[in-house]
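# Understanding the architecture of this molecule
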Amino acid sequence: LYIGPYMDGTVTNTFSNGARTYTGGDSGGGAQPTSTIPMVLSKSWYVEVTWDNTDAGTQYCGIRFTNDPVATTGPALALYYEDTGNKSLLSVSSSYGATYTDGDVIGIYYDSGEDELSFYKNGNDEGVAATSVSDNGDIAFVCAFFGRSADKVTLNAGQTAFTGTAPAGALKLCTANLPAPAILDPSAHFN
């Protein structure tokens, strides 16, 4: 479920657990595992990112509005919850919630009705972090940002039970919950 669009150094980062777990490996950190399936911002979504290991530097997780590795690196074009307890909204950091570290589970909730992004730590609501989220685009991708090489994260988009309780109306991030494609039967166009 993860792709690795950005690394500071040699590409030694690894995937495991059905590509849901991403482990850093390059000495500079900077890896940014990003979901392959986007959140379509006309619907509400809930996912969880477990920080299996945090290394030095600042770690982030949240959503970014592109999965193009060339278009953006680091926290630009992203809404993040930092392990320091701050939030980073389009690269502007400010006070937000509790700090987090090894073993903590960060819930990411997008509420389409209110157009708001909230974060949860181990099932506890940290409050609204960003409003007017869809002003940045129609889709967003779940991601993390590694401070240093030994960081390790696991994405749970609903494949296993959530640590917290998903808010009412929030969907799991899977293809079954995406809008129907414009062409339902591609073979009708390629045969």
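These numbers come from a predicted model, not from an experiment. (Residues numbered from 1 in each chain as written. Predicted model: local features only at pLDDT ≥ 70, side-chain atom pairs only at ≥ 80, totals over all residues. Heavy atoms only, no water.)

## Side note on the nonpolar core
M39, W51, I63, I108, L117 and V133 are the most contacted members of the largest nonpolar core, which has 33 residues in total. In terms of residue count, strand β6 (residues 45-53) provides more of this core than any other element does, four residues in total. (Core = buried A, V, L, I, M, F, W, Y, C linked by side-chain atoms within 4.5 Å. Buried < 20%, exposed > 50% of the residue type's maximum accessible area, 1.4 Å probe, protein only. Helix = DSSP H or I, 4+ residues; strand = E, 2+ residues; numbered from the N terminus.)

## Brief notes about the sheet that holds β6
One open sheet holds the seven strands; their spatial order is β2-β3-β15-β6-β11-β12-β13, and the pairing between them is antiparallel. Where the open sheet ends on each side, the last strands, each with one partner, are β2 (14-16) and β13 (124-131). Adjacent strand axes in the sheet meet at a mean angle of 20° when their direction is disregarded. Of the pairings in the sheet, the one linking β2 to strand β3 (residues 21-23) comprises three bridges and is antiparallel in character. The residue of β3 that forms the bridge with T14 is T23. (Pairing = 2+ DSSP bridges. Axes fitted to C-alpha atoms, helices over the stretch in contact; angles between N-to-C directions.)

## Comments concerning the pairing of β6
The buried fraction of β6 amounts to seven of the nine residues, a majority that puts the element mostly inside the structure. Pairing analysis gives six bridges linking β6 to strand β11 (residues 105-111), with the strands arranged antiparallel. Bridging across to β11, E48 finds its partner in G107. When β6 meets strand β15 (residues 152-156), the two strands line up antiparallel, connected through five bridges.

## Some details on unusual backbone geometry
Non-glycine residue N122 carries a positive phi angle of around 50°. Counting through the fold element by element, N122 comes out in the loop between β12 (116-121) and β13. Its identity as a non-glycine residue notwithstanding, S132 has a phi of 50°, on the positive side. Topologically, S132 is positioned in the loop between β13 and β14 (139-145).

## Digging into the packing of aromatic side chains
Inspection of the entire model under this criterion finds ten aromatic pairs. The interplanar angle of 85° and the centroid separation of 5.9 Å between the aromatic rings of Y46 and Y120 together place this pair among those described as edge-to-face. With a gap of 74 residues between them, Y46 in strand β6 and Y120 in strand β12 connect regions that are remote in the sequence. Note on Y46: relative accessible area 1%, which makes it buried. (Phe/Tyr/Trp six-rings, centres within 6.5 Å; stacked < 30°, edge-to-face > 60°.)

## Comments concerning the environment of T54
With respect to the helices, strands and loops of the structure, T54 is situated in the loop between β6 and β7 (60-64). Relative accessible area serves as the criterion here: at 16%, T54 is assigned to the buried category. Distance from T54 to K152, taken between C-alpha atoms, is 6.7 Å for residues 98 residues apart in sequence. Within polar-contact distance, the side chain of T54 engages the side chain of T101 at 3.3 Å. Separated by 2.5 Å, the side chains of T54 and D102 make a polar contact. (Polar contact = N/O pair within 3.5 Å; in protein donor to acceptor, adjacent residues only side chain to side chain.)

Nothing here speaks to function; it is all geometry.
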